Amino acid sequence: MATDFGDESGEKLFDWMLRVAQEEGQEALAKSAKGLAEAIRNTCADIEKTFGAQRDEAKAPEWAKLSMREFDGLPEYETLADMISAQLKKDGVEHAFANEGENRFLVFKVNEAPAVAQAFKRIEEAIPEACERAKGALAKAEPLKERATRARAAAEEIARKAGKPREIEIAQTRAK
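In this convention, every chain numbers its residues from 1, walking through the sequence in written order. This being a predicted model, a pLDDT of at least 70 is required before a residue's local features are given, and a value of 80 or more before pairs of side-chain atoms are given or counted; all residues contribute to the totals for chains, interfaces and linings. Only hydrogens and water are set aside; all other atoms, that is, all heavy atoms of the structure, feed into the side-chain values.

S.K.: What am I meant to see in the overall build of the chain here?
M.R.: Helix and strand assignments follow DSSP, with helices taken as H or I runs no shorter than four residues and strands as E runs no shorter than two, numbered in order from the N terminus. In terms of helices and strands, the chain carries 6 helices and 3 strands. Reading the chain from its N terminus to its C terminus gives the helix and strand order α-α-β-α-α-β-β-α-α. Note on classification: 1.4 Å probe, protein chains only; a residue is buried when its accessible area is under 20% of the maximum for its type, exposed when over 50%, partly exposed between these limits. Counting only residues that meet the buried cut, the chain has 35% of its 176 residues in that class. Of the accessible surface of the chain, which amounts to about 11500 Å², a share of 49% is contributed by carbon and sulfur atoms. Here, Shrake-Rupley sampling with a 1.4 Å probe gives the accessible areas, and only protein chains in the shown set may cover a residue.

Have a look at this one:
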């Protein structure tokens, strides 16, 4: 399935993957992509298990609080939360992120649990393509470590030249 990277959540997913790859390498990219997919699958299972039964109960609470612990171990949690939020907004799901101490939660209406699960599934479906796109972009770009090495060498050269007195060469010209 081709992903529309013109949408905000798709671009955020790609940007997140590219930053992970640039900062930590392709191995970390693959690990993070796998971790994100696993976190999404576990979250969807939690939604179905917890909220599937509550939809049928007459006294079900109006609002749900979903733990985001599955996402805590992944790089740049805030970026992931922004991406999830963008997908939920696109799907018309009223939601908010909340923190209680060190615990993070996604808050949404219980009756929108299926839509929340579907939003997570859309993100999961986009992961392979975003990962490949990030790998392609990374292959075209100069690795961050190499750029840092070049920048460091240039800074050292500038500092070396700054500490050395300038040599002025005066050339004699002949009068005609």
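Don't stop here, the text continues.
S.K.: Can you walk me through the sheet that holds strand E2 (residues 95-100) in this structure?
M.R.: Note on sheets: strands pair through backbone hydrogen bonds, and any given pair is parallel or antiparallel. One open sheet accounts for 3 strands, arranged E1-E3-E2; its pairing is antiparallel. Each edge of the open sheet is held by one strand with a lone partner, namely strand E1 (63-67) and E2. Neighbour-to-neighbour, the strand axes of this sheet turn through a mean angle of 30°, independent of strand direction. The rule for pairing is simple: two strands pair if DSSP sees at least two bridges between them. Bridge count between E2 and strand E3 (residues 103-109): 6 bridges; the pairing is antiparallel. Geometry is summarised by axes, namely lines fitted to C-alpha atoms with helices restricted to the contacting stretch, and by angles between N-to-C directions that run from 0 to 180 degrees.

S.K.: Looking at this model, I keep getting lost on the side chain of Thr79. Mind explaining?
M.R.: Counting through the fold element by element, Thr79 comes out in helix H4 (residues 77-90). We classify Thr79 as buried; its relative accessible area is 17%. Whenever two N or O atoms come within 3.5 Å, that pair is a polar contact, provided that in protein one can donate a hydrogen and the other can accept it, and provided that, for residues adjacent in sequence, both atoms are side-chain atoms. Side-chain polar atoms of Thr79 contact the side chain of Arg19, separated by 3.2 Å. Those residues in contact with Thr79 that sit more than four places away from it in its chain are Lys12, Trp16 and Arg19. Contacts between residues were defined by any pair of non-hydrogen atoms, one from each residue, lying within 4.5 Å.

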